[in-house]
Amino acid sequence: MKTKIFVCSNSGIDYVTHSKNISAIPIIISFSKEEKYDDFIDMNSESFYNRITYDSSAHLSFEYQNYAKINEYIEIAQKEGYEQFLFILSAQEFCDLFVPVSIAVSDLADVQYKIFDSNSACFPLAYMAIMADEMFSNGKTMDEVVVFLEHVKKNHHIFLFDPSYDYQYGQKITQKIASGKLYEIDDGRILSVKKAKNNQSLLSLFQIYETETEDSDVIPFILYMTKSSAYLPIIEEKLYKITPGAKKIKSYPIPAIIGSRIGLNSIGVGYIVKFIE
């Protein structure tokens, strides 16, 4: 059965190589009633972060596609021969697509579909979509795919670090970036890291990561903004040291709605525990 996978653009799927069986549902980046952009389609991450960095007067908000637009996506997919649909949504805190998607699929007659709430955001959702597509291609059923999605939902962790030192391009990166604020995406929200209450540092982030991933086979990843991309070599080198089995550590932009809530110099580190059937 040919399956179409729709995933919220807060997954960063547009920055990851994927098949045509996967499409993003873009959030809408709004600066005013007259100035709105579909995420990635009209404004990519670099343009977004440059805009909010240099335009302090911007009145930023985020909106979500309505059910009529999602109906349009579904109708196009049906004309392309797709017979069942999987919707992978980010946490309600970041993009409340559940209601418009539910209304849209209620119009589907005799069509199988699943709405999956990841209760998270960023690369883990893109990974869910890519692997789900591979599983469908290998003949797996929707129920089998959902088992995998539940595994990723329960077995990943994202840390976000906002350094107190404002790095400027061209300057040497020093230990000044070691202090700052440490956050995590937990239970669908951005929270201060409880395990690092008295030690909000980059070192603390790596210590927690290493403790949590010890004796586990994980997929590590890095998240960044335009300015924090300068930190990538430092973060990557450290992750290779504390994740011995990692063959390739990839980096992805932090989605706009996440980045707008933390410092513009922030960088993220995360992992997904591999699924064993």
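Notes on the structure follow. Because the structure is a prediction, the values reported are computed rather than measured.

**Things to note about helix H3 (residues 98–105)**
Owing to its 3.6 residues per turn, the α-helix aligns residues three or four sequence positions apart on the same side. Among the residues of H3, those classed as buried are Pro100, Val101, Ala104 and Val105. In an axial view of H3, the angular spread of the buried residues amounts to 125 degrees, which keeps them on one side of the axis. Tucked inside the fold, the buried residues of H3 contact strand S2 (22–25), helix H2 (67–79), strand S6 (84–89) and strand S7 (112–117).

**So, unusual backbone geometry**
One non-glycine residue, Phe40, lies in the positive phi region at around 70 degrees. For Phe40, the location among the structural elements is in the loop between strand S4 (36–38) and helix H1 (45–54). By relative accessible area, Phe40 is classed as partly exposed at 31%. Even without being glycine, Asp110 reaches a positive phi, approximately 55 degrees. You can see Asp110 is positioned in the loop between H3 and S7.

**A few points about the packing of aromatic side chains**
Evaluated as defined, the whole model comprises 13 aromatic pairs. Pairing Phe6 with Phe87 gives two aromatic rings, centres 5.3 Å apart and planes at 20 degrees, and the pair type is stacked. You can see Phe6 sitting in strand S1 (residues 3–8) and its partner Phe87 sitting in strand S6, a full 81 residues away along the chain. This pair shows no difference in class: Phe6 is buried, exactly as Phe87 is. Considering the side-chain rings of Phe48 and Tyr49, the 5.1 Å spacing of their centres and the 70 degrees angle between planes classify their relative orientation as edge-to-face. Neither Phe48 nor Tyr49 differs from the other in exposure class; each is buried. Through a chain of ring-to-ring contacts, three or more aromatic side chains come together here, namely Phe123, Tyr127, Phe148, Phe221, Tyr252 and Phe275.

**Description of a nonpolar patch on the surface**
Where nonpolar side chains cluster on the molecular surface, the patch consists of Tyr67, Phe98, Val99 and Ile103 and spans about 370 Å² of accessible area. Looking at the nonpolar patch, the element that brings in the most residues is H3, giving three residues. With respect to the helices and strands, Val99 occurs in helix H3. Overall, Val99 belongs to the partly exposed group, its relative accessible area being 47%.

Parameters and conventions
Residues numbered from 1 in each chain as written. Predicted model: local features only at pLDDT ≥ 70, side-chain atom pairs only at ≥ 80, totals over all residues. Heavy atoms only, no water. Buried < 20%, exposed > 50% of the residue type's maximum accessible area, 1.4 Å probe, protein only. Helix = DSSP H or I, 4+ residues; strand = E, 2+ residues; numbered from the N terminus. Arc of directions from axis to C-beta. Contact = heavy atoms within 4.5 Å. Phe/Tyr/Trp six-rings, centres within 6.5 Å; stacked < 30°, edge-to-face > 60°. Patch = residues over 30% accessible without salt bridge, like charges linked within 9 Å, V, L, I, M, F, W, Y side chains within 5 Å. Areas by Shrake-Rupley, 256 points an atom, 1.4 Å probe, with all protein chains shown as cover. Salt bridge = Lys/Arg side-chain N within 4 Å of Asp/Glu carboxyl O.

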